[in-house]
Amino acid sequence: MFGKLPPSLMIGLQNMRFRETMKLAAKTPFYSSEFERRKIDTRKIKYPHQLGDFYTTGDHLLRYGPDGFIAGRPDTAFETTGTTSELPKRVFFSQRELDEMGRISALGLYQIGLRRNDVVVSAFDVSFWVSPAVVRTALQYLGCFHVEAGKILPLEFYERAKRYKPTVIFGEPSWLVRFSEIASMKGTWPVKFLFAGGENLAEETRNEIERIWDASYYLNYGQTESFGVIGVECSEKTGYHRNDLNFLFEVVDADRDGQGELVYTTLTRNVMPLIRYRSNDITSLIDEPCRCGLFAKRIAKITGRCDEMIVCGMGNIGPWVFSEILRDITAATDEWQVRVWHEGFRDVVELRVEINVLNNGETAQTVVESAKSNMRDRFPDFWKNFEMQLYDFRVVAVPRLSLRTARKLKRLVALDSPPTDANDEISGSDSHSLAKIIL
Ligand SMILES: [Zn+2]
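Residues numbered from 1 in each chain as written. Predicted model: local features only at pLDDT ≥ 70, side-chain atom pairs only at ≥ 80, totals over all residues. Heavy atoms only, no water.

1. What about the sheet that holds strand 6 (residues 193–196)?
Spelled out, the test is: Any two strands are treated as partners once DSSP identifies two or more bridges connecting them. Counting from the N terminus, the helices are the DSSP runs of H or I reaching at least four residues and the strands are the DSSP runs of E reaching at least two. Here, two residues are considered to be in contact whenever any of their heavy atoms come within 4.5 Å of each other. Interaxial angles span 0 to 180 degrees and are taken between N-to-C directions of axes, which are lines fitted to C-alpha atoms, for helices over the stretch in contact.
Read across the sheet, nine strands follow the order 4-3-5-6-7-8-9-14-13 without closing on themselves; strand pairing throughout is mixed. The open sheet has two edge strands, strand 4 (145–148) and strand 13 (285–286), and neither has a second partner. As paired elements, strand 3 (residues 119–122) and strand 5 (residues 168–171) share three bridges and run parallel to each other. Among the inter-strand pairings, Val121 is bridged to a residue of strand 5, identified as Ile169. Of the strands in this sheet, strand 3, strand 4, strand 5 and strand 8 (228–233) are in contact with helix 5 (residues 130–142), which crosses strand 4 at around 160°. Contacting strand 5, strand 6, strand 7 (216–223) and strand 8, helix 8 (residues 203–213) crosses the sheet at an angle of about 135° to strand 7.

Below you can see the structure in the form of structure tokens.
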């Protein structure tokens, strides 16, 4: 994605690869039945937009499973980390595809300064997640020293990693925040850059971490479905230089500013090729040259998700997560709302729930405690992030009929700044709060 390919050659290469991908996809159960149903003659399709309103969605991946999409023999599989649905999506790949993505990642990492004499320690979560595998392959190409720590407690990572004096550190954004907080208290060492993937990042947080380490902090953008690398930042940090050799990108349903949903077609995958896959991420394509001088065009910073999912220190959270946290709590009603904001140095996730008149000795405090213990039992990953202090989790019991302001209750609300009515958790032993609840 970083080579200097004449634009006409790039377009020619993309067109050729697109037609090959169409041919391959047409043999899979999902695409063959969809193309037949829609009377699409794949031999006549030369460009993605000729497919009209046909797209592949995450829902298709879940409903048909990998079997519906497999066109070649897989060697490995990874799963999505997003939690808009209860089940993770499974995506299958070959070793050749892993090597290809590793090679592209190596080029991206080289561009931001990674060299053979660097020492890398990674805190990427290895559990079912594609990124650590892609990073490991990339680092093999670059030939640098590399230690895989996994996503462990930031303090433990700090104590153990510092003995290697890593010059480059990989981690998820919210984890890097906590880790950097610890480093600001206990001391830093010379670092070339920090590198994050898997979540979005507030620029103020990036600035703070760069100040602590006196080093650059770069983001990668990718999805499990895309097999990691869709694009990577350069020194300018003005969008992700996109991987046009391996994907055809479109932005659909765009508004007047060109902001719409990113849709991509894989061009070099033959185990599970994806045609016009809806990423669910809102962004725009930037075709103007970047000040860094790189040839590859860009994808702008992601501005949001198409559904109600929020990416924050807790993880990728969707409405169903909180329904599950409140399940079995008899005093909790189905009227609840989650607000997420950034306060100080970390995210706050506040679950506000309207509660029934309390009886059977249940107090508001019981609701709060039950919600937390349900999260611990039902979502170990979110609980782990909470214990690592990657975010604050608050459960607030609120009076009946206080949340719904429109016909539909918006379940997840991202706030730009802390709300003026932010509450501490309401305790059942606090008679004033209790009175407020029963109103
Ligand atoms: Zn650039």
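2. Details of the pattern of salt bridges
As a reminder, the rule being used: Here, a salt bridge means any side-chain nitrogen of Lys or Arg that lies within 4 Å of a carboxyl oxygen of Asp or Glu. Here's how the labels work: a residue is buried when its accessible area is under 20% of the maximum for its type, exposed when over 50%, partly exposed in between, all with a 1.4 Å probe on protein chains only.
For the structure on display, the rule yields 38 salt bridges. As a salt-bridge pair, Lys186 and Glu159 come within 3.3 Å of each other at their nearest N and O atoms. Placement of the pair is Lys186 in helix 7 (residues 173–186) and Glu159 in helix 6 (residues 154–161), with a sequence separation of 27 residues. A salt bridge links Glu208 to Arg211, with the nearest nitrogen and oxygen atoms 2.8 Å apart. Taken together, the residues span about one helical turn, with Glu208 and Arg211 both in helix 8 at a distance of three residues. Taking the relative accessible area as the measure of exposure, Glu208 reaches 26% and is therefore partly exposed. The class for Arg211 is exposed, based on a relative accessible area of 56%. One salt-bridge network, held together by shared partners, links Glu34, Arg37, Arg38 and Asp53.

3. As for the confidence of the model for the chain
Detailed reading of the predicted coordinates is not advisable wherever pLDDT is low. Where we set the bar: Values of pLDDT, which run from 0 to 100, indicate the predictor's confidence residue by residue.
Overall, the prediction assigns the chain a mean pLDDT of 88, with 91% of residues at 70 or greater. Between residues 426–439, whose pLDDT stays under 50, and residues either more than four places distant or in other chains, the model counts 25 contacts.

4. A look at the coordination of the zinc ion
Cut-off, in case you're wondering: Listed donor atoms are N, O and S within 2.8 Å of the metal (Na, K and Ca: 3.2 Å). As water is not included, a site may look incomplete. The geometry test gives tetrahedral to four donors whose angles all lie between 85 and 135 degrees, gives square planar to four donors and octahedral to six donors whose opposite members are over 155 degrees apart with all other angles between 65 and 115, and gives irregular to the rest.
Coordination of the zinc ion by the protein comes from Cys234 (SG), His241 (NE2), Cys290 (SG) and Cys292 (SG), over a distance range of 2.1 to 2.3 Å. Every donor counted, the four donor atoms about the zinc ion form angles of 104 to 116° at the centre, which fits tetrahedral coordination. The sequence pattern describing where the donors of the zinc ion fall on their chain is C-x6-H-x48-C-x1-C. Of this pair, Cys234 sits in the loop between strand 8 and strand 9 (240–242) while Cys290 sits in the loop between strand 13 and strand 14 (298–299), placing them 56 residues apart in sequence. Given a relative accessible area of 5%, Cys234 falls into the buried group. The buried category is assigned to Cys290, whose relative accessible area is 7%.

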